[in-house]
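# Architecture at a glance
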Amino acid sequence: MTGLVGALGEAWSELRHHKLRVLLSLIGIAVSVGALTAVVALSEYQQQQMAEQSDVSGGRPATVSISAGRTDGSPMDWQAFDAHVAQVSERYSFTYQTRLVNNATVDIQTPEQVRSVGAWLVDPAYPIIHRTPLLEGRWFQDADAELLAPPVVITEALWDVYGRPALGGGFALQLQGDAGGSYTVIGVTPKQYDGDNEKRVVMLFDSYRSRVEQLSADTPVMWEVWMPEAEVADIGPLLAADLRASLDKSVDVTVSRTDWASRPEMQNSSAMFEMITGAIAGLVLLLGGLGLVNIQLVAMRQRIREIGVRRSFGATGGRIFTSVLLESVVATAVAGVIGIALAVAILRAPFVLTMFQGMQDIPPFPMRAAVTGLIAAVAIGALAGFIPALMAVRSNVIDALRF
Amino acid sequence: MELVSLVRLEGVAKHVILPDDSRLDILRDIELAIAAGDHVAIVGRSGSGKSTLLNLMGMLDRPSEGAVWFRGEPVRKMRRGKLDKLRGRNVGFVFQQFNLLAGRTALENVEMPLGYASGRSFWNRRRTATAMLERVGLGHRIDSTPEQLSGGEQQRVAIARALVRRPALILADEPTGALDVETGGSVMALLDEIASEADAALVTITHDLHVAARARRHYRLEAGVLTPFDLSAPAAGAAAAAAYDRIAPELAESVGGPLSDEQPQAEASTSEDELAADAVEVAS
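The structure reproduced in this document is the subject of the present report. Every chain is numbered independently, its residues counted from 1 as its sequence is written. For this description, chains carry letters from A and ligands carry numbers from 1, given in the order in which they are written. For a predicted model such as this one, the threshold for reporting local features is a pLDDT of at least 70, and the threshold for listing and counting side-chain atom pairs is 80 or more; totals across whole chains, interfaces and linings nevertheless cover every residue.

### Topic: the overall build of chain A
Strands are runs of DSSP state E lasting at least 2 residues, helices are runs of H or I lasting at least 4, and numbering of each runs from the N terminus. When its secondary structure is counted, chain A shows twelve helices and ten strands. Counting over 403 residues, chain A shows a buried share of 37%. What counts as a contact is two residues whose backbone-derived C-beta atoms lie within 7 Å of each other. Residue pairs in contact within chain A that sit at least 24 positions apart in sequence constitute 85% of those at least 6 positions apart. Buried means a residue has 20 or more other C-beta atoms within 10 Å of its own C-beta, exposed means 12 or fewer, and partly exposed covers the counts in between; C-beta atoms are placed from the backbone.

### Thoughts on the overall build of chain B
Counting secondary structure elements, chain B contains eleven helices and ten strands. Out of the 284 residues in chain B, the part that is buried amounts to 45%. Long-range pairs, those at least 24 residues apart, make up 68% of the contacts in chain B with a sequence separation of at least 6.

### Examining the packing of helix 9 (residues 317-348) of chain A against helix 11 (residues 367-394) of chain A
Angle between the axes and distance between the axes: these two values describe a pair of packed helices. All names here are of chain A. Here an angle of 0 to 180 degrees is reported between the N-to-C directions of two axes, which are lines fitted to C-alpha atoms, with helices fitted over the stretch in contact. Running from N to C, helix 9 and helix 11 cross one another at 150°; their axes reach a closest spacing of 7 Å. Taken together, the axes of helix 9 and helix 11 are roughly antiparallel relative to one another. Handedness of the helix 9/helix 11 crossing: right-handed. Note on terminology: angles under 35 degrees are roughly parallel, angles over 145 are roughly antiparallel, angles of 65 to 115 are roughly perpendicular, and the others are oblique. Handedness of a crossing follows from how the near helix is turned relative to the far one, being left-handed for an anticlockwise turn of less than a right angle and right-handed for a clockwise one.

### Remarks on the environment of Phe171 of chain A
Residues and elements named next belong to chain A. Assignment of secondary structure puts Phe171 in the loop between helix 5 (156-161) and strand 6 (172-176). Sequence separation between Phe171 and Ile186 is 15 residues; the distance between their C-alpha atoms is 8.5 Å. When near neighbours in sequence (up to four residues on either side) are disregarded, Phe171 contacts Pro165, Ala166 and Val185.

### With respect to the sheet that holds strand 5 (residues 73-74) of chain B
Residue and element names in this part refer to chain B. The rule for pairing is simple: two strands pair if DSSP sees at least two bridges between them. The strand order across the open sheet formed by four strands is 2-1-4-5, and the pairing between neighbours is antiparallel. With partners counted over all chains shown, the strands left at the sheet margins are strand 2 (23-34) and strand 5, one partner each. Taken together, the eight bridges between strand 1 (residues 7-17) and strand 2 define a ladder with antiparallel strand orientation. Its bridge partner lying in strand 2, Val7 is registered against Ile34. Against the sheet, helix 1 (residues 50-57) touches strand 1, strand 2 and strand 4 (65-70), its axis set at about 125° to strand 1.

### A short note on the interface of chain A and chain B
Taken together, the contacts link 22 residues of chain A with 25 residues of chain B. Note that Gly is not counted as nonpolar here; it falls among the polar residues with everything else outside the nonpolar set of Ala, Val, Leu, Ile, Met, Phe, Trp, Tyr, Cys and Pro and the charged set of Asp, Glu, Lys and Arg. Of the residues assigned to the side of chain A that touches chain B, the class counts are six nonpolar, ten polar and six charged.

### As for the environment of Leu100 of chain A
Here Leu100 of chain A lies in strand 2 (residues 96-109). Residues contacting Leu100 of chain A, with those up to four places away along its chain left out, are Val122, Tyr126, Met222 and Glu224 of chain A.

### Notes on the nonpolar core
Counting 117 residues, the largest nonpolar core has Leu169 and Ile170 of chain B as the members making the most contacts within it. Per-element accounting of this core gives the leading share, 13 residues, to helix 2 (residues 19-58) of chain A. Apart from the residues within four sequence positions on either side, Ile170 of chain B is in contact with Gly92, Val94, Ala162, Leu163, Ala195, Ala200, Ala201 and Leu202 of chain B. Residues enter a nonpolar core if they are buried, belong to Ala, Val, Leu, Ile, Met, Phe, Trp, Tyr or Cys, and are joined to the set through C-beta atoms within 7 Å. Membership of the second largest hydrophobic core comes to 46 residues, among which are Val117, Phe140, Phe205 and Leu243 of chain A.

### Some words on unusual backbone geometry
Geometrically, the link from Pro61 of chain A to Ala62 of chain A is a cis peptide bond, its omega value of -5° lying close to zero. Looking at where Ala62 of chain A falls in the secondary structure, it is placed in the loop between helix 2 and strand 1 (63-70). A positive phi angle is found at Arg131 of chain A, which is not glycine, with a value near 50°. Arg131 of chain A sits in the partly exposed class, given 16 other C-beta atoms within 10 Å. Non-glycine residue Glu174 of chain B carries a positive phi angle of around 50°. Tracing the backbone shows Glu174 of chain B in the loop between strand 7 (169-173) and helix 7 (181-197). Overall, Glu174 of chain B belongs to the buried group, with 22 C-beta atoms counted inside 10 Å.

### What to know about helix 1 (residues 2-17) of chain A
Take the number of residues in a helix, subtract one, and multiply by 1.5 Å to get its expected span. Compared with the 22 Å implied by 1.5 Å per residue over 16 residues, the 22 Å span of helix 1 of chain A between its first and last C-alpha is a close match. Inspection of helix 1 of chain A places Gly6, Ala7, Glu10, Ala11, Ser13 and Glu14 of chain A among the buried residues, and these make up the whole buried set. Mapping the buried residues of helix 1 of chain A onto a view down its axis gives an arc of 170°, with all of them on the same face. Among the exposed residues of helix 1 of chain A, those pointing more than 90 degrees away from its buried face are Leu4, Val5 and Arg16 of chain A. In the core, the buried residues of helix 1 of chain A are packed alongside helix 9 of chain A together with helix 3 (106-111) and helix 4 (120-123) of chain B. In this description, the arc belongs to the directions extending from the helix axis to the C-beta atoms.

### A look at the sheet that holds strand 3 (residues 39-44) of chain B
All names here are of chain B. Taken in spatial order, the six strands line up as 6-7-8-3-9-10 in an open sheet, and their pairing is mixed. Pairing within the sheet leaves two strands with one partner each, and these edge strands are strand 6 (91-94) and strand 10 (225-228). With strand direction ignored, the average angle separating the axes of adjacent strands in the sheet is 20°. With five bridges joining them, strand 7 and strand 8 (residues 201-206) adopt parallel strand pairing. When the bridges of strand 8 are listed, Ile170 appears paired with Leu202. Of the strands in this sheet, strand 6 and strand 7 touch helix 6 (residues 151-163), which is tilted by about 170° from strand 6.

Below you can see the structure in the form of structure tokens.
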């Protein structure tokens, strides 16, 4: 106990005494630990961003998509099949489930003319499953379907057509035709990319259905269910079997996962990014470690006398070894902490946040990265301290004291 | 009455093999026993093997032949770790070049040996070291580094360091060698005083007769052979006279002037304590 405390104290005082030397040798270590930590963290950010982007199209993991079609060419009865899906999925009591029609069209009265725009029919769970971001306003709530003026969410391009009026101030779309009526605009989705000019209306499936008698046979309906990733492998096939049962042979049902996690290539690419950048940071760390070994070895030559004095006052070989080893370990651990602080600063830097703009769930500072960095620092310290420590122990006390 | 001596060297010899395969004898057939509280001076020329003898007594080195006993235990049979601990606990070194840790404060230097202790002496090391520095009159310089201290002050720090663990044996290798005569005298007086306060045995190696005169027993080391001689006895003994002849030029060197003819008689006729005072006076 006193031995370890004493050795630690000695190492610390030694470091304080050689501040400049230690500082110089540790810059490399701190920078590389910072790089290593930042790389792991950035790769986590990147993964998160890629995941969020693909969630927009494919849904979050695990999203199961159900689609159907008739093989005999006759028109599909979507109402009947919707009822069938609702009946089957009731048994599973899914929390997030949505219907999706993404090729309907509606005619709307714009300030200049009546124009036809694309319309998506969804359930309130859709934006949750797809993380669809909003520029303004809010998404649907369950009670929205019963409103007399049903709510809609429009794209930014369509909002521009009306001159971007404030939401909640009575801004409503006037639809013509089958689904005609006044629709309150409650939200605006941002442009997906620069120059995104798609004008679209997203409305609740039920609002639309309450106004339109019959869904046209050529506007296919899909169903999406978001379920825990751990259960999808068990539930997926069961759900498919249940849906197919009690249907006539001419209806073909497809049940498949659409989220990114079901496709391994994306995970591979982020692993590759992490591996390459991590390897570079590792090399930098190794170089820093070599520099440290070098400096410690040169310094050791000057310290032989001091070690001789310590030995003559009762320091055992083991104690000398531990002190010299700890000197490097304590130093690199401090450098590691500085490096991690550096990485945190980088991750909080405005330019990084701009780089990952639009990310909804910023991952917390990855502990995995911090731990990796610290372990790497301590390991390189132990490695760098080992040779000088061995040299210190091997030195002859009598020669060291001779003058 | 046969007491167990603190350190005993029995037929100790030390030799090294030179690169050309010839054998160099450093020490030959040394017989020496140091009792607790003893005060011994070993006088000899440079290269006579004084430091090697001190290293053997301090258990830093092992003899080629013969045996070293510490408190009745044979040093040869001890494991290294145990030996290091034994040395730290019982032996305090004072070096000619002080050998303070550069850049570390006086307090840190004096604390250092206590860092290798355990239990209460480890945890109270700061307080003990401060008290020890106050004892050597450096209570106001505890935060000074060796670079900021004079030679005499540095040696006082070294003495505080050697005594901070209350060792039973203090080994001083030319403790005044790097100091002027006056400072050397006061440093030796301090070392004597503290050693007798702590009831520690003090072995001083020196080529300075003034320093040697402070000891109770005297040995002469010449070409690796250790012979006792009586500094305070009448100068009738041929051996003592021979010793004086050999040592006189060195003494002259250390005092910085020729030795007066009367001095041997004067020293011979006075008691040991008076002699010590004389020595300082002559030096000044």
